[in-house]
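Chains, contacts and geometry: an overview
In case you want the letters, here they are:
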Amino acid sequence: MALKVELKPGEKLLVGNCIITNSDQRTRLFIEGQAPILREKDILTPTTADTPAKRVYLAVQIMYIENNTDVLRREYFSLINDIVTAAPSSMAIVDRISNDILTGTLYKALKSAKQLIQFEQELIENAASRGASLSAGDQDR
């Protein structure tokens, strides 16, 4: 069964090692085969991978594109070790990512890595709101 992808005008799509850029009209593509496929919105670069969870996503993304988990294995485990040390509550998501990598389901690992990015964002927002409420409490004194 073919993968159906609908592209907005100007949207980009990675297929294998090629970038496809849509023209000025909405387009529907049917893709068959085993090449890695990512939408522009799902692609991170070293510049946009500006948090620990995004760096994990970038490592998994490269593994997916290269179809080779050995490429960044050492870096990946170093990154997740840092994340789990800083936020032990992330362990369940990290386990899912690692299991997906070990079973060779790298696209699924990318989806799990997106969940890690969301989890990290929630932690940051919670810390910021707690910090704001502490600062407000200090002003009452």
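Cut-offs used in this document
Residues numbered from 1 in each chain as written. Predicted model: local features only at pLDDT ≥ 70, side-chain atom pairs only at ≥ 80, totals over all residues. Heavy atoms only, no water. Helix = DSSP H or I, 4+ residues; strand = E, 2+ residues; numbered from the N terminus. Rg over C-alpha atoms; globule rule 2.2 N^0.38 Å. Buried < 20%, exposed > 50% of the residue type's maximum accessible area, 1.4 Å probe, protein only. Lys, Arg positive; Asp, Glu negative; His and termini not counted. Charge placed at Lys NZ, Arg CZ, Asp CG, Glu CD. Expected span 1.5 Å × (residues − 1). Arc of directions from axis to C-beta. Pairing = 2+ DSSP bridges. Contact = heavy atoms within 4.5 Å. Axes fitted to C-alpha atoms, helices over the stretch in contact; angles between N-to-C directions. Parallel < 35°, antiparallel > 145°, perpendicular 65-115°, else oblique. Left-handed = near helix turned anticlockwise from the far one by under 90°. Nonpolar A, V, L, I, M, F, W, Y, C, P; charged D, E, K, R; others polar. Core = buried A, V, L, I, M, F, W, Y, C linked by side-chain atoms within 4.5 Å.

Side note on the overall build of the protein chain
When you go through the protein chain residue by residue, the secondary structure sums to four helices and five strands. Walking the protein chain from its N terminus toward its C terminus, one meets helices and strands in the order β-β-β-β-β-α-α-α-α. Relative to the compact-globule value of 14 Å for 141 residues, the protein chain shows a C-alpha radius of gyration of 19 Å, a clear excess of over 25%. Projected onto the principal axes, the alpha-carbon positions of the protein chain cover approximately 65 × 35 × 25 Å. For the protein chain, the proportion of its 141 residues judged to be buried stands at 35%. Distance between charge centres in the protein chain, computed from 17 positive and 18 negative side chains, equals 4 Å.

A short note on helix 3 (residues 91–102)
The end-to-end C-alpha separation of helix 3 is 16 Å, in line with the 16 Å expected for 12 residues at 1.5 Å each. Looking only at helix 3, the buried set comprises Ile93, Val94, Ile97, Ser98, Asp100 and Ile101. Projected down its long axis, helix 3 shows its buried positions confined to an angular sector of 160°, all on one face. Looking one or two residues beyond helix 3, the residue adopting positive phi is Gly104, at roughly 80°.

Some details on the pairing of strand 3 (residues 18–21)
Each regular strand displays side chains that alternate between the two surfaces of the sheet. The pairing of strand 2 (residues 12–15) with strand 3 spans four bridges and is classified as antiparallel. From the neighbouring strand, Lys12 faces strand 3, where its bridge partner is Thr21. Taken together, strand 2 and the strand that follows it, strand 3, pair antiparallel across an intervening segment of two residues, in which Gly16 is found at a positive phi of about 65°.

Observations concerning unusual backbone geometry
Notably, Asn67 is not glycine yet its phi reads approximately 50°, a positive angle. Structurally, Asn67 can be placed in the loop between helix 1 (52–66) and helix 2 (73–86).

A few points about the environment of Ile62
Counting through the fold element by element, Ile62 comes out in helix 1. Sequence separation between Ile62 and Gly10 is 52 residues; the distance between their C-alpha atoms is 24 Å. When neighbours within four sequence positions are excluded, Ile62 is seen to be in contact with Val71 and Leu72.

Comments concerning the packing of helix 2 against helix 3
Packing of helix 2 against helix 3 leaves a shortest axis separation of 10 Å and a crossing angle of 165°. When the interaxial angle is binned, helix 2 and helix 3 end up roughly antiparallel. In the crossing of helix 2 with helix 3, the sense of the turn from one axis to the other is left-handed. Where helix 2 approaches helix 3, its residues Tyr76, Phe77, Ile80 and Val84 are matched on the opposing element by Met91, Val94, Ile97, Ser98 and Ile101. Of the residues that constitute the contact of helix 2 with helix 3, the class distribution is eight nonpolar, one polar and no charged.

Focus on the nonpolar core
Formed by 35 residues in total, the largest nonpolar core has its most connected members in Leu13, Val56, Val60, Tyr76, Ile97, Ile101 and Leu116. Mapped onto this core, the elements with two or more residues apiece are strand 1 (3–7), strand 2, strand 5 (37–39), helix 1, helix 2, helix 3 and helix 4 (106–139). The leading source of residues in this core is helix 1, at eight residues. If sequence neighbours within four positions are ignored, Leu116 has contacts with Ala53, Val56, Ile83, Ser90, Ile93, Val94 and Ile97.

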